Amino acid sequence: MAAARGAGLLLLLTAVATAVAVAARLAGSAEPPEGSPLYLPVVLDTGLYVLAGAARAVSGLALLAGAALLRRAMPTATGVAVAVAAALLAISGIVTAVSGACMLALAAGLPETAAAAAYAGPVPGWAEPLNAARSITGKAGFTLAGLGLVALAPAQWRTGGRLKIGAAAGAIIGVAMLFIWVDAATVMHRVSGIAFLLWLIVAGLWLVAGRLRTPAASGTTAASPAYRRT
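This structure is a prediction, so every number in the text was calculated from the model and none was measured. Starting from 1, residues in each chain are numbered consecutively following that chain's sequence as written. Local features in this predicted model are restricted to residues whose pLDDT is 70 or higher, and side-chain atom pairs enter the listing and the counts only when it is 80 or higher, whereas totals over whole chains, interfaces and linings include all residues. The side-chain quantities take in all heavy atoms of the structure and omit both hydrogens and water.

### What about the packing of aromatic side chains?
The geometry of two aromatic rings is summed up by the distance between their centres and the angle between their planes.
Then comes step 1: Two rings belonging to Phe, Tyr or Trp (six-membered ring only in the last case) form a pair when the distance between their centres is within 6.5 Å. Interplanar angles under 30 degrees mark stacking, angles over 60 mark edge-to-face geometry, and anything in between is tilted. Within this structure, the stated rule accounts for two aromatic pairs.
Then comes step 2: Their ring planes at 90° and their centres at 6.2 Å tell us that Phe142 and Phe196 sit as a pair that is edge-to-face. One end of the pair, Phe142, is in helix α4 (residues 127-159); the other, Phe196, is in helix α6 (residues 186-208), with 54 residues separating them in the sequence. Assigned by exposure class, Phe142 and Phe196 land together as buried.
Then comes step 3: In this structure an aromatic cluster arises from ring pairing among Phe142, Phe196 and Trp199. Per the convention used, a helix needs a DSSP run of H or I reaching at least four residues, while a strand needs a run of E reaching at least two, with both numbered from the N terminus. Any residue under 20% of the maximum accessible area for its type is buried, any over 50% is exposed, and the rest in between are partly exposed; the area is computed with a 1.4 Å probe on protein chains only.

### Here we look at the nonpolar core
Then comes step 1: For our purposes a nonpolar core is just a set of buried Ala, Val, Leu, Ile, Met, Phe, Trp, Tyr and Cys residues, chained together by side-chain atoms within 4.5 Å. Ranked by internal contacts, the top residues of the largest apolar core, which has 36 residues, are Leu149, Ile173, Met177, Phe196 and Trp199.
Then comes step 2: Contributing elements (two or more residues each) for this core: α1 (2-28), α2 (46-73), α3 (79-109), α4, α5 (163-177) and α6.
Then comes step 3: Only heavy atoms matter for contacts: two residues are in contact if any of them lie within 4.5 Å across the pair. Not counting the four nearest positions on each side in its chain, Phe196 is found in contact with Phe142, Ala145, Leu149, Ile173 and Met177.
Then comes step 4: Among the nonpolar cores identified, the runner-up in size contains twelve residues, and Leu40, Tyr49, Ala52 and Cys102 belong to it.

### Points about the side chain of Ser192
Then comes step 1: Tracing the backbone through its elements, the reader meets Ser192 in helix α6.
Then comes step 2: Taking relative accessible area as the criterion, Ser192 reaches 3% and is therefore assigned buried.
Then comes step 3: Excluding residues within four positions of it along the chain, Ser192 makes contact with Phe142, Ile173, Ala176 and Met177.

### Describing the packing of α1 against α2
Then comes step 1: In contact at an axis separation of 7 Å, α1 and α2 are set at 160° when each is read in the N-to-C sense. It follows that α1 is roughly antiparallel to α2 by the angle criterion. Our pair here, α1 against α2, has a crossing hand that is left-handed.
Then comes step 2: The residue classification treats Ala, Val, Leu, Ile, Met, Phe, Trp, Tyr, Cys and Pro as nonpolar and Asp, Glu, Lys and Arg as charged. All others, Gly included, are polar. Of the residues that constitute the contact of α1 with α2, the class distribution is 22 nonpolar, six polar and two charged. To define axes, lines are fitted to C-alpha atoms, for helices over the stretch in contact only, and angles between the resulting N-to-C directions are given on a 0 to 180 degree scale. An angle below 35 degrees is read as roughly parallel, one above 145 as roughly antiparallel, one from 65 to 115 as roughly perpendicular, and any other as oblique. Should the near helix be turned anticlockwise from the far one by less than a right angle, the crossing is termed left-handed; should it be turned clockwise, right-handed.

### Looking at the packing of α2 against α3
Then comes step 1: As a packed pair, α2 and α3 sit with axes 7 Å apart at the nearest point and diverge in direction by 160°. Between α2 and α3, the angle falls in the class roughly antiparallel. The interaxial crossing formed by α2 with α3 has left-handed handedness.

### Details of the side chain of Ser59
Then comes step 1: Locating Ser59 in the fold gives a position in helix α2.
Then comes step 2: The exposure class of Ser59 is buried, given its relative accessible area of 5%.
Then comes step 3: Sequence-distant contacts of Ser59, defined by excluding residues within four places in its chain, comprise Thr14, Ala17, Thr18 and Thr96.

### Structural notes on the confidence of the model for the chain
Then comes step 1: For the chain, the average pLDDT comes to 84, and 83% of its residues sit at 70 or higher.
Then comes step 2: For the stretch residues 214-230, pLDDT sits under 50, and the model shows 55 contacts to residues farther than four places along the chain or on other chains. What pLDDT expresses is the predictor's confidence in each residue, scored from 0 to 100.

### Points about the pattern of salt bridges
Then comes step 1: By definition here, a salt bridge exists when the distance from a side-chain nitrogen of Lys or Arg to a carboxyl oxygen of Asp or Glu is within 4 Å. Summed over the entire model, instances satisfying the criterion amount to one salt bridge.
Then comes step 2: With a shortest N-O distance of 3.6 Å, Asp183 and Lys139 are connected by a salt bridge. In this pair, Asp183 sits in the loop between α5 and α6 while Lys139 sits in helix α4, placing the two residues 44 residues apart along the sequence.
Then comes step 3: Residue classification places Asp183 among the exposed positions, given a relative accessible area of 59%.

### A look at a nonpolar patch on the surface
Then comes step 1: On the surface, a nonpolar cluster with roughly 300 Å² of combined accessible area is contributed by Val175, Phe179, Val182 and Met188.
Then comes step 2: As for its position among the elements, Val175 is in helix α5. Without a salt bridge and with relative accessible area above 30%, a residue can belong to a patch; like charges are then joined within 9 Å and nonpolar side chains (Val, Leu, Ile, Met, Phe, Trp, Tyr) within 5 Å. Areas reported here follow the Shrake-Rupley algorithm with a probe of radius 1.4 Å; residue values treat only the protein chains shown as occluding.

See the structure below:
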């Protein structure tokens, strides 16, 4: 149970750090103005942008550690699905942490600008490739987390009870998260991001509360986050 509760706390930390990262990034930076020759974030407040990068890195590392503890908490009988889901979430954490590190490096190299409309160089030559890496790793981390939710759904469904609701919700959220690569799906990005945060919070609270089920003697498969049957 210690591993399950530890995993729950780390999932909650992932949710908090992710929320801080998004809020700080939105407040501390802006998209480049239309027609700008450089596709780089406009840093309106260096301190907030640093906070955003650090929080993103923390969220990734917390998800990595949480996924590792989650896998340890799962009995062998949970099968391949949980192992694959935990691996995907762990890799997502690593990639997300790299994205946060890219943001920290950008904060050190990009000039602070009073307003997006006043955005202008000069900027270091490495800034654009690093920003591309930040964007790609950020989207990849989100995608891998979505795939992790989809991979977890079958094991949750087989467990039955309230977990069937969690399985369906997780699968829908996970599929929606894959649209992060579609630039036109801005509304879906926001909805899926909020839904993933809610998933992390619900999963974390259930694990901390000690609601993880173990397989019954009859061979019932368990998964996490798990709910006791009612």
